[in-house]
Amino acid sequence: MVNGRLNLIFDADDTLWDSNPHFLAAEEAFANAMLGAAIGCTQARLKETIHRREIEVIRRLGYGRGPFVAALHETVDELAPGSAGKPLHARVEAIGRHLASRPCPLLPGVEATLAELSRRHRLMLLTKGQPDEQLAKLEASGLRPRFSRVDVVAEKDTEVYRRLIAQELLECRRTFMIGNSPRSDINPALRAGLCAVYIPYAKTWQLEHEELDLGHERLIVVEGFSQLRTIF
Ligand SMILES: [Mg+2]
(Lines give C-alpha, C1' and ligand atoms only; values in the text may rest on other atoms or scores of the structure.)
Protein backbone atom coordinates (compact mmCIF):
# COMPACT_ATOMS: atom_id res chain seq x y z
CA MET A 1 0.00 0.00 0.00
CA VAL A 2 1.35 3.40 -0.97
CA ASN A 3 0.05 6.19 1.27
CA GLY A 4 -1.25 9.67 0.48
CA ARG A 5 -2.61 11.26 -2.66
CA LEU A 6 -0.83 10.04 -5.79
CA ASN A 7 -0.76 10.80 -9.49
CA LEU A 8 -1.80 7.74 -11.49
CA ILE A 9 -1.22 7.85 -15.24
CA PHE A 10 -3.05 5.17 -17.22
CA ASP A 11 -2.46 3.66 -20.61
CA ALA A 12 -5.70 2.93 -22.51
CA ASP A 13 -5.47 0.19 -25.19
CA ASP A 14 -5.19 -3.28 -23.65
CA THR A 15 -4.98 -1.74 -20.18
CA LEU A 16 -8.48 -0.25 -19.78
CA TRP A 17 -10.12 -1.96 -22.74
CA ASP A 18 -9.52 -4.65 -25.37
CA SER A 19 -7.79 -3.38 -28.47
CA ASN A 20 -5.14 -5.62 -29.98
CA PRO A 21 -7.42 -8.71 -30.19
CA HIS A 22 -9.52 -6.71 -32.71
CA PHE A 23 -6.45 -6.10 -34.88
CA LEU A 24 -5.45 -9.77 -34.64
CA ALA A 25 -8.94 -10.82 -35.78
CA ALA A 26 -8.81 -8.33 -38.67
CA GLU A 27 -5.38 -9.58 -39.71
CA GLU A 28 -6.63 -13.17 -39.64
CA ALA A 29 -9.63 -12.30 -41.83
CA PHE A 30 -7.29 -10.52 -44.23
CA ALA A 31 -4.84 -13.48 -44.31
CA ASN A 32 -7.70 -15.87 -45.08
CA ALA A 33 -8.78 -13.67 -48.00
CA MET A 34 -5.24 -13.35 -49.36
CA LEU A 35 -4.34 -17.02 -49.04
CA GLY A 36 -7.67 -18.06 -50.54
CA ALA A 37 -7.23 -15.77 -53.55
CA ALA A 38 -4.70 -18.01 -55.36
CA ILE A 39 -2.16 -15.25 -55.86
CA GLY A 40 0.70 -17.62 -55.13
CA CYS A 41 1.74 -16.08 -51.83
CA THR A 42 2.95 -18.11 -48.85
CA GLN A 43 1.77 -17.46 -45.32
CA ALA A 44 5.31 -16.49 -44.25
CA ARG A 45 5.70 -13.94 -47.05
CA LEU A 46 2.24 -12.53 -46.33
CA LYS A 47 3.02 -12.08 -42.63
CA GLU A 48 6.37 -10.47 -43.37
CA THR A 49 4.79 -8.08 -45.88
CA ILE A 50 1.95 -7.04 -43.56
CA HIS A 51 4.33 -6.29 -40.70
CA ARG A 52 6.84 -4.44 -42.86
CA ARG A 53 4.05 -2.32 -44.37
CA GLU A 54 2.59 -1.72 -40.92
CA ILE A 55 5.86 -0.30 -39.62
CA GLU A 56 6.25 1.91 -42.73
CA VAL A 57 2.69 3.22 -42.39
CA ILE A 58 3.09 3.91 -38.66
CA ARG A 59 6.09 6.12 -39.46
CA ARG A 60 3.97 8.10 -41.89
CA LEU A 61 0.54 8.14 -40.27
CA GLY A 62 1.00 7.03 -36.67
CA TYR A 63 -0.82 4.25 -34.80
CA GLY A 64 -4.48 3.37 -35.16
CA ARG A 65 -7.18 1.60 -37.10
CA GLY A 66 -6.94 3.85 -40.16
CA PRO A 67 -3.18 3.35 -40.60
CA PHE A 68 -3.59 -0.41 -40.08
CA VAL A 69 -6.14 -0.60 -42.91
CA ALA A 70 -3.80 1.47 -45.11
CA ALA A 71 -1.06 -1.11 -44.46
CA LEU A 72 -3.40 -3.91 -45.59
CA HIS A 73 -4.16 -2.04 -48.83
CA GLU A 74 -0.44 -1.60 -49.45
CA THR A 75 0.07 -5.32 -48.85
CA VAL A 76 -2.51 -6.07 -51.54
CA ASP A 77 -0.75 -3.66 -53.93
CA GLU A 78 2.54 -5.42 -53.35
CA LEU A 79 1.42 -9.06 -53.47
CA ALA A 80 -1.56 -8.85 -55.85
CA PRO A 81 -0.95 -5.90 -58.17
CA GLY A 82 -3.37 -4.95 -60.92
CA SER A 83 -6.76 -6.54 -61.43
CA ALA A 84 -6.01 -9.51 -59.13
CA GLY A 85 -6.05 -7.06 -56.24
CA LYS A 86 -9.43 -5.51 -56.93
CA PRO A 87 -11.62 -7.92 -54.91
CA LEU A 88 -8.98 -7.98 -52.19
CA HIS A 89 -9.08 -4.19 -51.81
CA ALA A 90 -12.86 -4.48 -51.46
CA ARG A 91 -12.35 -7.13 -48.76
CA VAL A 92 -9.89 -4.82 -46.93
CA GLU A 93 -12.52 -2.06 -46.97
CA ALA A 94 -15.05 -4.43 -45.39
CA ILE A 95 -12.53 -5.58 -42.77
CA GLY A 96 -11.70 -1.93 -42.03
CA ARG A 97 -15.38 -0.99 -41.62
CA HIS A 98 -15.89 -3.86 -39.21
CA LEU A 99 -12.75 -2.92 -37.25
CA ALA A 100 -13.82 0.73 -37.01
CA SER A 101 -17.31 -0.18 -35.82
CA ARG A 102 -16.21 -2.53 -33.04
CA PRO A 103 -16.73 -1.23 -29.52
CA CYS A 104 -13.86 -1.70 -27.07
CA PRO A 105 -15.15 -3.62 -24.04
CA LEU A 106 -13.64 -2.64 -20.70
CA LEU A 107 -11.31 -5.20 -19.15
CA PRO A 108 -12.43 -6.93 -15.91
CA GLY A 109 -12.51 -4.68 -12.85
CA VAL A 110 -11.64 -1.46 -14.68
CA GLU A 111 -14.82 0.51 -14.06
CA ALA A 112 -15.09 -0.21 -10.31
CA THR A 113 -11.36 0.18 -9.72
CA LEU A 114 -11.13 3.58 -11.45
CA ALA A 115 -14.24 4.77 -9.59
CA GLU A 116 -12.59 3.91 -6.30
CA LEU A 117 -9.11 5.20 -7.16
CA SER A 118 -10.50 8.49 -8.43
CA ARG A 119 -11.81 9.23 -4.93
CA ARG A 120 -8.30 8.99 -3.45
CA HIS A 121 -5.93 9.98 -6.25
CA ARG A 122 -5.49 12.13 -9.32
CA LEU A 123 -5.97 10.07 -12.51
CA MET A 124 -4.58 10.96 -15.94
CA LEU A 125 -4.72 9.15 -19.27
CA LEU A 126 -1.81 8.88 -21.69
CA THR A 127 -2.42 6.99 -24.91
CA LYS A 128 -0.90 6.97 -28.37
CA GLY A 129 -2.72 6.88 -31.67
CA GLN A 130 -5.08 9.05 -33.71
CA PRO A 131 -6.62 11.68 -31.39
CA ASP A 132 -10.15 11.42 -32.87
CA GLU A 133 -10.13 7.64 -32.69
CA GLN A 134 -8.74 7.44 -29.13
CA LEU A 135 -11.00 10.21 -27.79
CA ALA A 136 -14.07 8.54 -29.34
CA LYS A 137 -13.16 5.27 -27.62
CA LEU A 138 -12.71 7.13 -24.33
CA GLU A 139 -16.10 8.86 -24.64
CA ALA A 140 -17.80 5.55 -25.48
CA SER A 141 -16.16 3.90 -22.46
CA GLY A 142 -17.89 6.29 -20.06
CA LEU A 143 -14.56 6.75 -18.24
CA ARG A 144 -13.75 10.29 -19.40
CA PRO A 145 -14.93 11.98 -16.15
CA ARG A 146 -12.45 9.93 -14.13
CA PHE A 147 -9.42 11.64 -15.68
CA SER A 148 -8.24 15.16 -14.92
CA ARG A 149 -5.99 15.19 -17.96
CA VAL A 150 -6.00 13.22 -21.23
CA ASP A 151 -3.14 13.16 -23.74
CA VAL A 152 -3.11 11.41 -27.12
CA VAL A 153 0.43 11.37 -28.48
CA ALA A 154 2.16 9.93 -31.55
CA GLU A 155 4.67 7.89 -29.54
CA LYS A 156 5.15 7.36 -25.80
CA ASP A 157 8.85 7.87 -25.36
CA THR A 158 10.90 9.12 -22.42
CA GLU A 159 10.62 12.71 -23.69
CA VAL A 160 6.80 12.58 -23.53
CA TYR A 161 6.96 11.45 -19.89
CA ARG A 162 9.51 14.14 -19.03
CA ARG A 163 7.28 16.77 -20.59
CA LEU A 164 4.25 15.60 -18.61
CA ILE A 165 6.29 15.67 -15.38
CA ALA A 166 7.39 19.24 -16.14
CA GLN A 167 3.96 20.52 -17.21
CA GLU A 168 2.12 19.07 -14.22
CA LEU A 169 5.01 19.54 -11.75
CA LEU A 170 4.71 15.85 -10.88
CA GLU A 171 6.68 14.50 -7.97
CA CYS A 172 8.20 11.32 -9.45
CA ARG A 173 8.07 9.17 -6.32
CA ARG A 174 4.34 9.95 -6.01
CA THR A 175 3.55 9.31 -9.68
CA PHE A 176 2.90 5.92 -11.32
CA MET A 177 2.54 4.98 -14.98
CA ILE A 178 0.22 1.99 -15.32
CA GLY A 179 0.03 -0.10 -18.48
CA ASN A 180 0.49 -3.30 -20.46
CA SER A 181 3.34 -2.27 -22.75
CA PRO A 182 6.97 -2.66 -21.67
CA ARG A 183 8.08 -0.54 -24.64
CA SER A 184 5.60 2.36 -24.36
CA ASP A 185 4.42 2.40 -20.75
CA ILE A 186 6.97 0.89 -18.41
CA ASN A 187 10.51 1.40 -19.71
CA PRO A 188 10.23 5.04 -20.84
CA ALA A 189 8.37 5.98 -17.63
CA LEU A 190 11.09 4.39 -15.49
CA ARG A 191 13.78 6.14 -17.56
CA ALA A 192 12.02 9.46 -16.93
CA GLY A 193 12.20 8.78 -13.19
CA LEU A 194 8.59 7.75 -12.57
CA CYS A 195 7.31 4.68 -10.77
CA ALA A 196 5.45 2.11 -12.88
CA VAL A 197 2.89 -0.67 -12.63
CA TYR A 198 3.02 -3.37 -15.27
CA ILE A 199 -0.21 -5.25 -15.97
CA PRO A 200 0.70 -8.04 -18.40
CA TYR A 201 -1.87 -8.69 -21.10
CA ALA A 202 -1.90 -12.01 -22.93
CA LYS A 203 -2.53 -10.48 -26.34
CA THR A 204 -0.19 -7.50 -26.23
CA TRP A 205 0.89 -6.38 -29.70
CA GLN A 206 4.30 -7.76 -30.69
CA LEU A 207 5.63 -4.24 -31.35
CA GLU A 208 5.02 -3.38 -27.69
CA HIS A 209 7.23 -6.16 -26.36
CA GLU A 210 10.58 -5.20 -24.86
CA GLU A 211 12.90 -6.52 -22.19
CA LEU A 212 11.72 -5.55 -18.68
CA ASP A 213 13.86 -5.19 -15.56
CA LEU A 214 11.45 -6.99 -13.24
CA GLY A 215 13.69 -6.31 -10.25
CA HIS A 216 13.60 -2.53 -10.77
CA GLU A 217 12.99 -0.79 -7.43
CA ARG A 218 10.34 1.53 -8.92
CA LEU A 219 8.41 -1.21 -10.77
CA ILE A 220 5.40 -3.13 -9.45
CA VAL A 221 3.90 -6.05 -11.38
CA VAL A 222 0.25 -6.99 -10.85
CA GLU A 223 -1.85 -9.79 -12.31
CA GLY A 224 -5.01 -7.83 -12.95
CA PHE A 225 -6.46 -4.33 -12.91
CA SER A 226 -8.47 -4.84 -9.70
CA GLN A 227 -5.25 -5.40 -7.78
CA LEU A 228 -4.55 -1.64 -8.13
CA ARG A 229 -7.13 -1.09 -5.37
CA THR A 230 -4.93 -2.90 -2.85
CA ILE A 231 -1.72 -1.16 -3.91
CA PHE A 232 -3.13 2.36 -4.03
MG1 LIG B 1 -1.56 -0.51 -24.15
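Scroll up to find the structure.
Quick look at the structure, then. Quantities reported herein were computed from a predicted structural model and do not represent experimental measurements. (Residues numbered from 1 in each chain as written. Predicted model: local features only at pLDDT ≥ 70, side-chain atom pairs only at ≥ 80, totals over all residues. Heavy atoms only, no water.)

1. Observations concerning the coordination of the magnesium ion
Taken together, Asp11 (OD), Asp13 (O) and Asn180 (OD1) make up the full set of protein donors to the magnesium ion, lying 2.2 Å away. Mapped onto the polypeptide sequence, the residues donating to the magnesium ion form the spacing pattern D-x1-D-x166-N. Of this pair, Asp13 sits in the loop between strand S1 (7–10) and helix H1 (20–35) while Asn180 is found in the loop between strand S4 (175–179) and helix H8 (182–191), placing the two residues 167 residues apart along the sequence. (Donors = N, O, S within 2.8 Å, 3.2 Å for Na, K, Ca; no water. Helix = DSSP H or I, 4+ residues; strand = E, 2+ residues; numbered from the N terminus.)

2. Describing the packing of H1 against helix H4 (residues 86–101)
One way to put it is that H1 packs onto H4 with a least axis distance of 10 Å and a crossing angle of 165°. In terms of orientation, H1 and H4 fall into the roughly antiparallel class. Read as a crossing pair, H1 and H4 show a hand that is right-handed. Along the contact surface, H1 presents His22, Phe23, Ala26, Ala29, Phe30, Ala33 and Met34, while H4 presents Leu88, Arg91, Val92, Ile95 and Leu99. Class assignment of the residues belonging to the contact of H1 with H4 gives a composition of ten nonpolar, one polar and one charged. (Axes fitted to C-alpha atoms, helices over the stretch in contact; angles between N-to-C directions. Parallel < 35°, antiparallel > 145°, perpendicular 65-115°, else oblique. Left-handed = near helix turned anticlockwise from the far one by under 90°. Contact = heavy atoms within 4.5 Å. Nonpolar A, V, L, I, M, F, W, Y, C, P; charged D, E, K, R; others polar.)

3. Side note on the state of the cysteines
By the definition in use, this model includes zero disulfides. Free cysteine: Cys195, not disulfide-bonded; nearest cysteine sulfur from Cys172 at 7.7 Å. (Disulfide = S-S within 2.5 Å.)

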